[in-house]
Amino acid sequence: MARRKRIRLVVAIAASIAVVAPLAWLWAGSNVPPTYSVMGMGYPDYGGGRVEGTHAAHGEHAWVGPPRRSGEVSVADLTGPRVGRPDVSATLVARQGAVRLPTGQRFAGYTVNGTSPGPTIRARQGDLVQVRLVNAGIRDGVTLHWHGVDVPNAEDGVAGVTQNAVPAGGSYTYRFVARQSGTYWYHSHQVAHEQVRDGLFGMLVVAPRRAPPPVAADVVAPVHDYDGLRTIAGRSGVTHVDAPPGGTVRVRLADTDNGPIRAWVSGSPYRVVAVDGHDVDRPPPVTARAVLLGAGGRSDLELTVPRDGRAARVDLDGAALVIGPPGSSAAAAPAPERNVDLLSYGSPAPVALAQARPDRRFEYSMGRRPGFVDGRPGLFWTVNGHMFPDVPMFVVRKGDVVRMKISNSSGQVHPMHLHGHHVLVLSRDGVRATGSPWWADTLEVENGETYEVAFVADNPGIWMDHCHNLPHVAEGLVVHLAYAGVWEPYRVGVSNNSPE
Ligand code: C2O
Ligand code: CU
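Residues numbered from 1 in each chain as written. Chains lettered and ligands numbered in written order. Predicted model: local features only at pLDDT ≥ 70, side-chain atom pairs only at ≥ 80, totals over all residues. Heavy atoms only, no water.

Looking only at helices and strands, the protein chain has 4 helices and 35 strands in total. Burial statistics for the protein chain: of 500 residues in total, 55% are counted as buried. Restricting the contact set of the protein chain to residue pairs at least 6 apart, pairs at least 24 apart contribute 76%. Working note: accessible area of the protein chain is about 20,900 Å², and carbon and sulfur atoms make up 53% of it. When the 48 basic and 45 acidic side-chain charges of the protein chain are each reduced to a single mean position, those positions are 3 Å apart. (Helix = DSSP H or I, 4+ residues; strand = E, 2+ residues; numbered from the N terminus. Buried < 20%, exposed > 50% of the residue type's maximum accessible area, 1.4 Å probe, protein only. Contact = heavy atoms within 4.5 Å. Areas by Shrake-Rupley, 256 points an atom, 1.4 Å probe, with all protein chains shown as cover. Lys, Arg positive; Asp, Glu negative; His and termini not counted. Charge placed at Lys NZ, Arg CZ, Asp CG, Glu CD.)

So, in structure tokens, the structure goes:
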């Protein structure tokens, strides 16, 4: 009897060890050291391309990152023009404390020059833009990332990757040439999931070099939820915009929030004239369709104010713009069932990149499974089956034509944002793009969807490629695109650096 009991005990213990030991191993393997180089995490993925001259052995340099080799350029040296008088110059002072919206509500959060959103920076294509960021007391530190602007790497504003977080009392100057016209935004990329949510952002609008025909109103409309309150450019409820009957109005929508937003127009047909800063080719008028923006994305709408004295209305599910002569109004319209599909919207135009033979092909396949990240158990995002920090590092050489297949079987939508580049959408779920060339910097990938995109690796550096639902990044849905021959001097964890 006793013997039987003992055997049972031994079996039970062995069974427990069989369960616990791999868990302990997984737990230990998931630990992230307090400081590390993003170049030292995960494993390199060369996308089937040539590898010589690249860091072939991340494993050897786990966490600390590879040492600098001769001939390599440091991220810190990939700056914009260091000399020359700026055409646009601004000082942005970031502060933590009370946010007071123009419509009166107050929240605890962050401001830029005293408001949230911060001031809109306006430039003309080709301008040298200089922005001095001052940290007026934010203890975690702060940075500014120019979302959608393909700036030189050292101006990209990612703490621990392209610079150190600017400490309280410190300042940092960004300089870059605004080569692309369109609607962009800036936001902190230090503890981003908290700082952006709580107000540390603003808009950047770049006018085309050749002045477009004037519009009756140009409305800059970042859409953001403060503590659950939907706002447009910081205003809750209905905002009236003055514009004469028959006037053409441009509305620059930006989703600065973490979830998707839908916008729809009543009282006038409208056109989607630009997406993520890129003009749409011959956009047709839209009726009875909404526009969908993923977190971080932008859509510029153009509409005409009715001639009968009434207003047009842009509804954003909880907040709205009413656009017309003073005193005019327009009732809320119900949300259309369907969205404009950018895959077939506008007129096609040949783009050499669509035909070019790729030098590398990458897969960015998102899933979710239980496991450990940094010693914490949970249900975590995966990239190509791997969990943070064991995720791929996409390695390219300057000049490569790159194809990337982005797929999502994680159960949730992910707005995917590649820094420093715009990607051309080739297909979705095997259906080829037939509309205007669709250039995206923030691509909403629904659960179950697969996109094929292409881009040219023409901007050397170390670039984040992540989901823009910022809590997801903090949970590990982030990889990097690394150029061969570029060396990384910054460290996450040093100088408080915490980009997510
Ligand atoms: Cu707008 Cu890495 O972010
Ligand atoms: Cu996500």
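Strand order in the open sheet formed by 5 strands is E13-E21-E20-E15-E18, with mixed pairing between adjacent strands. Sheet topology places strand E13 (237-242) and strand E18 (291-293) at the edges, where each strand pairs with a single neighbour. Ignoring which end each strand starts from, the neighbouring axes of this sheet average 20 degrees apart. (Pairing = 2+ DSSP bridges. Axes fitted to C-alpha atoms, helices over the stretch in contact; angles between N-to-C directions.)

Applying the stated criterion across every chain, the model contains 10 aromatic pairs. An angle of 50 degrees between the planes, with centres 5.7 Å apart, marks the rings of Trp146 and Tyr186 as tilted. Remark: Tyr186 occurs in strand E9 (residues 182-187) and Trp146 occurs in strand E7 (residues 145-147); sequence separation between them is 40 residues. The same class applies to Trp146 as to Tyr186, namely buried. (Phe/Tyr/Trp six-rings, centres within 6.5 Å; stacked < 30°, edge-to-face > 60°.)

On the surface, a nonpolar cluster with roughly 530 Å² of combined accessible area is contributed by Val19, Val20, Leu23, Trp25 and Leu26. Locating Val20 in the fold gives a position in helix H1 (residues 2-29). (Patch = residues over 30% accessible without salt bridge, like charges linked within 9 Å, V, L, I, M, F, W, Y side chains within 5 Å. Salt bridge = Lys/Arg side-chain N within 4 Å of Asp/Glu carboxyl O.)

Looking now at the pattern of salt bridges. Here the idea is simple: oppositely charged side chains can pair when their charged atoms come close. Under the definition given, this model contains 15 salt bridges. Asp441 serves as the salt-bridge partner of Arg298, at 2.7 Å between the closest nitrogen and oxygen. A residue pair is termed long-range when its members are at least 10 positions apart, and Arg298 in strand E19 (residues 298-304) and Asp441 in the loop between strand E30 (439-440) and strand E31 (442-445) qualify at 143 residues. Both residues of the pair, Arg298 and Asp441, belong to the buried class. One salt bridge connects Arg360 with Asp400, and the closest N-O pair in it is separated by 2.4 Å. One end of the pair, Arg360, is in strand E22 (residues 360-373); the other, Asp400, is in the loop between strand E25 (392-396) and strand E26 (401-408), and 40 residues separate them in sequence. Each member of the pair, Arg360 as well as Asp400, is classed as buried. Three or more residues are tied together by salt bridges with common partners; here these are Arg122, Asp218, Arg250, Arg252 and Asp300.

For Gly109, the location among the structural elements is in strand E4 (residues 106-112). Residue class for Gly109 comes out buried when judged on its relative accessible area of 5%.

With that settled, the discussion passes to the sheet that holds strand E33 (residues 462-467). As summarised here, the arrangement of the 6 strands in space is E1-E25-E34-E33-E27-E31, forming an open sheet in which the pairing is mixed. Each end of this open sheet is capped by a strand with a single partner; those strands are strand E1 (43-45) and E31. If you compare each strand with its neighbour and ignore which way they point, the axes differ by 25 degrees on average. Bridge analysis of E25 against strand E34 (residues 478-483) gives 4 bridges, and the strand direction is parallel. Following the sheet pairing, Met393 is matched in E34 by His480.

Now for the side chain of Ser436. Within the fold, Ser436 resides in the loop between strand E29 (431-432) and E30. In this structure, Ser436 is in contact with Asp279, Val280, Asp281, Tyr345, Gly346, Ser347 and Pro348, ignoring residues within four places of it in sequence.

Next up on the list: the pairing of strand E6 (residues 128-135). For E6, the tally of buried residues reaches 7 of 8 residues, placing the bulk of the element in the interior. Note that strand E3 (residues 88-100) and E6 share 7 bridges and pair parallel. For Ala94, the partnering residue across the bridge sits in E6 and is Asn135.

What follows covers the pairing of strand E15 (residues 261-266). Most of E15 is tucked away: 5 of the 6 residues are buried. Examined bridge by bridge, E15 and E18 share 3 bridges and lie antiparallel to one another. Among the inter-strand pairings, Arg262 is bridged to a residue of E18, identified as Leu292.

Looking now at the side chain of Thr239. Following the sequence through the fold, Thr239 ends up in strand E13. Using a relative accessible area of 13% as the deciding quantity, one classes Thr239 as buried. Residue contacts for Thr239: discarding those within four places in its chain leaves Ala320, Leu321 and Val322.

Okay, unusual backbone geometry next. A negative phi angle is the norm for most residues apart from glycine, just as the trans form is the norm for most peptide bonds. The step from Ser116 to Pro117 runs through a cis peptide bond, and the omega angle for that step is -5 degrees. Looking at where Pro117 falls in the secondary structure, it is placed in the loop between E4 and strand E5 (121-124). For the peptide bond that leads from Phe388 to Pro389, omega is 5 degrees, which places it in the cis range. Turning to its location among the elements, Pro389 is positioned in the loop between strand E24 (386-387) and E25. With phi around 50 degrees, Asp276 is a residue other than glycine that occupies positive phi space. Looking at the element boundaries, Asp276 is found in the loop between strand E16 (270-275) and strand E17 (278-279).

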